[in-house]
Amino acid sequence: MRHATAARGCASVAVLVPCYNEAGTIADCAEQLSQLPDINTVLLIDDGSQDGSSEICAALADQPFPGVKALLLAQNSGKSAAVREGVRAVSTEFVIVFDADMTVSPTSVEAVLQALREHPLTFVYGSRFRGNTAPAGMSLAHRLGNRFFARWVSLLLHREIGDILCGLKAGPREVLSNIPASACRWGDFDLFFGAADAGLRFVEIPVVYASRRAGKSKMHTLSAGLYFAYLCAGRTLRALVQATPRKRSATK
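For clarity, every value in this text was computed on a predicted model and none was experimentally measured.

> Got a sec to walk through the pattern of salt bridges? Specific residues and values, please.
All chains considered together, the criterion is met by 12 salt bridges. Here Asp197 makes a salt bridge to Arg235, at a shortest N to O gap of 2.7 Å. Here Asp197, found in helix H8 (residues 188-197), pairs with Arg235, found in helix H9 (residues 221-251); they are 38 residues apart in sequence, far enough to count as distant. The class for Asp197 is partly exposed, based on a relative accessible area of 45%. Residue class for Arg235 comes out buried when judged on its relative accessible area of 12%. Arg238 serves as the salt-bridge partner of Asp197, at 3.6 Å between the closest nitrogen and oxygen. Highlighted residues: Asp197 in helix H8 and Arg238 in helix H9, separated in sequence by 41 residues. Accessibility expressed as a relative area gives 38% for Arg238, which makes it partly exposed. Here the salt bridges share partners, and the residues they tie into one network are Glu22, Asp101 and Arg212.

Shown next as structure tokens:
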């Protein structure tokens, strides 16, 4: 009951903004997020940037933007590690993960808050394919790869998932903090698998997605795709192993 009350009022929500070499967008991102209602904390997590982003994050935390804080990591360990550090650093009941590149509009967070108000035990994720995606906002390789893995994960989790790698995700902090982490630098698949294992309700929201205004994508298509396939193959094998004893029992 405590969680349900907090979710309806969104009295305890933190937005985690992992950041690596995003000096061109991080200030605008922090300012827009800090102006949204029902957000207690905007935590900028600099993942060992080398372009001055860490200094910008530190300066933003000293500015009169309400609730903006900075967590500066000494070395680059990947988005997944940055998010885990951020989850440990806040004490809110809910956390929202939002990419610093501003390809997703901060206004999309309002729909996330609404989903959490309606049902606190929810994993919310954005879908760029249901929203208004700019033609140049995503490369063909990223578009096809995301579609492929979204379908694979949909089959594994027995629910329809339209977008795996959108930079907007949210859920109860207590649940997300206990999700096992793989060696993946991104962490998106870990969140989907962990949320499903925790029995969370899934809500997909359409987001407005645009081309980058500054910086460049940190994801290398081939290496990331191979590791995503490894994660999905491992989950597939796990499902097959778990199903085998049931089949044997049914034949006795």
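Still to come is the rest of the account.
> Account for the environment of Thr221, naming residues and giving values.
Of note, Thr221 is situated in helix H9. Judged by relative accessible area, which is 38%, Thr221 ranks as partly exposed. With 79 residues separating them in the primary sequence, Thr221 and His142 have C-alpha atoms 7.0 Å apart. The residues touching Thr221, leaving out its near neighbours within four places in the chain, are Ala141 and His142. A distance of 3.0 Å separates the side chain of Thr221 from the side chain of His142, its partner in a polar contact.

> Describe the packing of helix H6 (residues 140-157) against H8, listing the residues and the values that go with them.
Contact geometry for H6 and H8: axes closest at 11 Å, N-to-C directions at 20 degrees. When the axes of H6 and H8 are compared, the pair comes out roughly parallel. Of the two elements, H6 crosses H8, and the hand of that crossing is right-handed. Here Phe149, Val153, Leu156 and Leu157 of H6 lie close against H8, whose contacting residues are Phe189, Phe192, Phe193 and Ala196. Of the residues assigned to the contact of H6 with H8, the class counts are eight nonpolar, no polar and no charged.

Rules behind the numbers
Residues numbered from 1 in each chain as written. Predicted model: local features only at pLDDT ≥ 70, side-chain atom pairs only at ≥ 80, totals over all residues. Heavy atoms only, no water. Salt bridge = Lys/Arg side-chain N within 4 Å of Asp/Glu carboxyl O. Helix = DSSP H or I, 4+ residues; strand = E, 2+ residues; numbered from the N terminus. Buried < 20%, exposed > 50% of the residue type's maximum accessible area, 1.4 Å probe, protein only. Contact = heavy atoms within 4.5 Å. Polar contact = N/O pair within 3.5 Å; in protein donor to acceptor, adjacent residues only side chain to side chain. Axes fitted to C-alpha atoms, helices over the stretch in contact; angles between N-to-C directions. Parallel < 35°, antiparallel > 145°, perpendicular 65-115°, else oblique. Left-handed = near helix turned anticlockwise from the far one by under 90°. Nonpolar A, V, L, I, M, F, W, Y, C, P; charged D, E, K, R; others polar.

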